[in-house]
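These are the residues of each chain, in order.
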Amino acid sequence: MAVVSMCQCASASKVNLQSKRSSGFSSAARLGPQHVARARVVRPLKRRCAVTRCEQMNGAAPEASVTCLGEALFDCLAEERGVPKEQVKTWIPYPGGAPANVAAALGRLGVKVSFVSAVGQDDLGDQMLDLLQSRHVDLTPVQRVPEPTRDVLVTRDEAGEREFSGFGAAKNNEYADCFIDADLIPEPTIKNSVALVTGTLGLSFPKTAAAMRKAVSYARSGPCSVLVDINWRPVFWESLSHKAVQIVSEYAGGADILKLSEEEAEWLYGVHPDQAMNQPELVLQAVPETVQGILITAGGHGAVYCFRAANGAPLIKGFVPVLKVKVSDTTGAGDAFLSGFLYSMVKAGGLSAFQQDGNKLRSAVEFAAACGGFTCSKPGAIAAQPTLEEAKTLMSSAKAAA
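Residues numbered from 1 in each chain as written. Predicted model: local features only at pLDDT ≥ 70, side-chain atom pairs only at ≥ 80, totals over all residues. Heavy atoms only, no water.

Draft legend 1. Spatial organisation of the overall build of the chain. When you go through the chain residue by residue, the secondary structure sums to 15 helices and 15 strands. Partitioning the intrachain contacts of the chain with sequence separation of at least 6 by distance along the chain shows that 72% fall at a separation of at least 24. Of the roughly 17000 Å² that the chain leaves accessible, carbon and sulfur atoms contribute 50%. (Helix = DSSP H or I, 4+ residues; strand = E, 2+ residues; numbered from the N terminus. Contact = heavy atoms within 4.5 Å. Areas by Shrake-Rupley, 256 points an atom, 1.4 Å probe, with all protein chains shown as cover.)

Pasting the structure below:
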């Protein structure tokens, strides 16, 4: 029997984490052989309601400086290294999902942030929302739906490098995040934000894709800038993989700022990773002129940026190296990087401030690198995110040592 049906992270978490909803996930629960018999039974999904299939959390949404839209999920990390998923005996669940990670990190930095998503009416959904609420994230726009909160199986090689290997409790297109309702997207919240942040995973699911596009249209009708994190994950696309480049590139073309890795620059725009890092303007030239800037991250090799300047001035571009930290876990570093950039963007007053002042832009990317670097120094994508003071201290220390 396939491991997806045998080792359901969601079922395991219900067994092991039901008393830890407010724990902040300081200790991970494990799914071992004692739970296999229970996990073999796949619970059927609840039928959709005839009139309304979800509940939106109560309360009036406060104004948000940033609105994050997209998936909230649990990465179930294989404890055993160097074995295929069929041979994994223990999966360790960690809260994640790039938009949720960014929202949590922004909240920790003190930014007003709203999170738009659909999560299951289940224990994992409760645990995720408890965690985000502890970071002061506005959850008013979150939709609770009958489908389960997503759990992703992640295997590791002997060196600890991760690979997305499939899903646990349901099929790819049967999770809660596939069903964000466009009719419940909060127009005023988005219009009044400095930035709307989305990934691209939801584009592979028609209902959520419609919600994402509506959110972008709301941002476009106001002063809100749209930032798209490419975050390419083939395991989410399945039958649409042959259309992924077209779908993602068309959506990304509607952004004001793009964040992507050097590998994604090659996958999406045909720019070799080395060229992307040495000449980021080649990537900017490959996107529509409405895209005002790009951020390209390359893990331990640093980050580059290239933005269109105000009044037709020359492009503003540069390279920012990684900060020297003792690496514990790189999970979520890119999301922390993005949150650091957004913090600076909110503080500066929006995208136009960066286009008018290259020094402000560079400082924003340096602060982003500090947030990403700090996150690498501790385990856990969300648990390791820095406070404002911690990020500033790390950045100051790095400058003093340079």
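Draft legend 2. Fine view of the sheet that holds strand 14 (residues 303–307). One open sheet holds the eight strands; their spatial order is 5-2-10-11-12-13-14-15, and the pairing between them is mixed. Each having just a single partner strand, strand 5 (113–116) and strand 15 (316–320) make up the two edges of the open sheet. Averaged over all adjacent pairs, the angle separating strand axes in this sheet is 15 degrees, with direction ignored. (Pairing = 2+ DSSP bridges. Axes fitted to C-alpha atoms, helices over the stretch in contact; angles between N-to-C directions.)

Draft legend 3. Representation of helix 8 (residues 244–252) within the structure. The set of residues buried in helix 8 consists of Ala-244, Ile-247, Val-248, Tyr-251 and Ala-252. Seen end-on, helix 8 carries its buried residues on one side only, within an arc spanning 125 degrees. Exposed side of helix 8, more than 90 degrees from the buried face: Gln-246 and Glu-250 are the residues found there. Those residues of helix 8 that are buried lie in contact with strand 10 (195–198), helix 7 (206–220), strand 11 (225–229), strand 12 (257–261) and helix 9 (262–269). (Buried < 20%, exposed > 50% of the residue type's maximum accessible area, 1.4 Å probe, protein only. Arc of directions from axis to C-beta.)

Draft legend 4. Examining the sheet that holds strand 8 (residues 150–156) more closely. The strand order across the open sheet formed by four strands is 4-3-8-9, and the pairing between neighbours is mixed. The open sheet has two free edges, formed respectively by strand 4 (91–96) and strand 9 (162–167), since each of these has just one partner strand. For this sheet the average axis-to-axis angle between neighbouring strands, irrespective of direction, equals 35 degrees. With six bridges connecting them, strand 3 (residues 73–81) and strand 4 associate as antiparallel partners. Bridged to Asp-75 within strand 4 is Tyr-94. Sheet strands touched by helix 5 (residues 123–134): strand 3 and strand 4. Its angle to strand 3, the strand with the most contacts, is close to 105 degrees.

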